[in-house]
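# Survey of secondary and tertiary structure
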Amino acid sequence: MKMFLNKIKRTSLLIAVSFLWLACKTTKAPTSNSPTLTSVKKIEKFHEKEQVNFKTIKARLKGSYKTEKDEQSISISMRIKKGEGIWLSAKLAGVIPLAKIYITPNRVQAYEKINGTYWDSDFSFIQNYLNADLNYKNLESFLTGELIYPINKSFNLENNERYYALNKKEYQNLIFDILLDPTNFKVKQQRIAQPFNNRSLKIDYPSYSKIAGQWFPNRIEIQSKNKKENTNVSIDYRSVVFNEEVSFPYTVPKGYKKMIL
């Protein structure tokens, strides 16, 4: 039972985490299926024009978690209020309540029903799980198909026949890689790596659909690596609705025991 609970907890948290970006005046975006722009600044502007614009999101999704030792799938209801909160309610087989998670810019709270425990932490908990120094805004961005870190003049444009490939290195050889689809300037892949300590986070977006006139990912594939373990998480969005009223019901039931993380 304890092992099963750990799977559920890690699945929910990794999906919550497990794993920011004005268009130019009257310039039309290229319609070619191959990269044609040679300026990082122009690519940045076209990408920013296609960013999803929302106040709130309601979504239903299926989340899957897999390591070399185990795997698990759960159904999740997700609500986001931009800049304020991410709320997730996880169910097994879509009917059995398992856990609730409530994430705000400075706090990560959750409880699970099987063993009656809860936890309350700052954002370092998510950073450790995903092997990347993420904040709330970064998390909100990757869950909605946006870049964790925005494109700027420090990025280099690399040769790639299929995508706009951008890359930059920062302090202690921290590497950022981005692939943008030339047809809609949405993110195909983003990767953060620290080769010196074998840590990396790779996020793929295989496809998008237009919802209320905006591109939104159908699926997100997250691969987190460190010296001890490789973890794969996938998110399949079943339904997405923008700008409806949302609430974040979260109260730890009486008698639950606090977990030491």
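Okay, so let's go over this structure. Because the structure is predicted, anything quoted here is derived from the model rather than measured. (Residues numbered from 1 in each chain as written. Predicted model: local features only at pLDDT ≥ 70, side-chain atom pairs only at ≥ 80, totals over all residues. Heavy atoms only, no water.)

In this section: the overall build of the protein chain. When you go through the protein chain residue by residue, the secondary structure sums to four helices and 16 strands. Buried residues in the protein chain amount to 50% of all 261 residues. As displayed, the protein chain offers around 13500 Å² of accessible surface, 46% of which is attributable to carbon and sulfur atoms. (Helix = DSSP H or I, 4+ residues; strand = E, 2+ residues; numbered from the N terminus. Buried < 20%, exposed > 50% of the residue type's maximum accessible area, 1.4 Å probe, protein only. Areas by Shrake-Rupley, 256 points an atom, 1.4 Å probe, with all protein chains shown as cover.)

Within the largest apolar cluster, 56 residues are counted, with the highest numbers of intra-cluster contacts made by Ile103, Phe142 and Tyr237. At five residues, strand E15 (residues 230-242) tops the list of elements feeding residues into this core. Those residues in contact with Tyr237 that sit more than four places away from it in its chain are Ala59, Arg60, Leu61, Met78, Leu143, Phe216, Pro217, Asn218 and Ile220. Core analysis: the second largest hydrophobic core is formed by seven residues, Trp87, Tyr111, Val246 and Tyr256 among them. (Core = buried A, V, L, I, M, F, W, Y, C linked by side-chain atoms within 4.5 Å. Contact = heavy atoms within 4.5 Å.)

Now for the side chain of Gln189. Summarising the element assignment, Gln189 is placed in strand E10 (residues 187-194). Side-chain polar atoms of Gln189 contact the side chain of Asp204, separated by 2.7 Å. Setting aside its immediate chain neighbours within four residues, Gln189 contacts Asp177, Ile178, Leu179, Lys202, Ile203 and Asp204. (Polar contact = N/O pair within 3.5 Å; in protein donor to acceptor, adjacent residues only side chain to side chain.)

You will see that Phe185, though not glycine, has its phi angle at about 60°, which is positive. In this structure, Phe185 sits in the loop between strand E9 (174-180) and E10. In this structure Phe185 comes out as buried when scored by relative accessible area, which is 1%.

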